[in-house]
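Inside the fold
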Amino acid sequence: MIEDLDPVIHAPKRLAAMAVLTRADATFPFLRDHLGVSDSDLSKQMATLERAGYVVIAKAGRGRGSVTSYRLTREGRAAYARHRRALAAILEQAGG
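Remember, it's a predicted structure, so these values are computed and weren't measured experimentally. (Residues numbered from 1 in each chain as written. Predicted model: local features only at pLDDT ≥ 70, side-chain atom pairs only at ≥ 80, totals over all residues. Heavy atoms only, no water.)

1. So, the sheet that holds strand S2 (residues 55-60)
Under the convention used in this document: Should DSSP find at least two bridges between two strands, the strands are regarded as paired. Runs of E in the DSSP output that reach at least two residues are strands. Runs of H or I that reach at least four are helices, and both are numbered from the N terminus.
As summarised here, the arrangement of the three strands in space is S1-S3-S2, forming an open sheet in which the pairing is antiparallel. Single-partner strands in this sheet number two, and they are strand S1 (26-27) and S2. Across six bridges, S2 lies against strand S3 (residues 67-72) in antiparallel orientation. For lysine 59, the partnering residue across the bridge sits in S3 and is threonine 68.

2. With respect to the packing of helix H3 (residues 28-35) against helix H4 (residues 39-51)
Axis angle and axis distance: for two packed helices, these are the angle between their axes and the distance between the axes, and together they describe the pair. Convention followed: Lines fitted to the C-alpha atoms define the axes, with helices restricted to the stretch that makes contact. Angles between their N-to-C directions range from 0 to 180 degrees. Throughout, the term roughly parallel applies to angles under 35 degrees, roughly antiparallel to angles over 145, roughly perpendicular to angles from 65 to 115, and oblique to all others. A contact between two residues is defined here by any heavy atoms of the two lying within 4.5 Å. Classification used: nonpolar for Ala, Val, Leu, Ile, Met, Phe, Trp, Tyr, Cys and Pro, charged for Asp, Glu, Lys and Arg, polar for all others including Gly.
H4 packs onto H3 with a crossing angle of 105° between their chain directions and a minimal axis gap of 10 Å. With respect to H4, the axis of H3 lies roughly perpendicular. Residues Phe28, Leu31, Arg32 and Leu35 of H3 form the contact with H4, whose participating residues are Asp39, Leu42, Ser43 and Met46. Residues belonging to the contact of H3 with H4 are distributed by class as follows: five nonpolar, one polar and two charged.

3. What about the confidence of the model for the chain?
Basically, it comes down to this: As a per-residue measure, pLDDT reflects the predictor's confidence and takes values from 0 up to 100.
The predicted model of the chain averages 94 in pLDDT, with 99% of residues at 70 or higher. At the level of individual helices and strands, the chain shows its lowest average pLDDT in helix H5 (residues 74-93), which scores 95, and its highest in H4, which scores 98.

What follows is the structure, encoded as structure tokens:
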């Protein structure tokens with residue numbers, strides 16, 4: 001159980017971002033506002049998920065009109081599902 005928790009996903013902001021991205025791709029402003037984080041914090045959290053191979057970051061356009069969007073990879077979806085199962089098992093065992 002505990003060994004199945006993914007330390008990359010487990011951080012609260014990254015866990016919340018992964019949860020959002022399981023539903024649909026998201027743009028930078030949407031994720032930033034939904035999570036209530038600063039631009040720099042979101043960039044840092046998403047870069048960590050990208051390095052782990054869990055998220056693909058796409059940039060379209062240039063300058064003020066550019067749009068950054070995020071989507072989960074197949075590996076990211078699988079890692080998130082494992083993490084959720086591990087959390088559920090831990091909570092169930094603890095009676096929560």
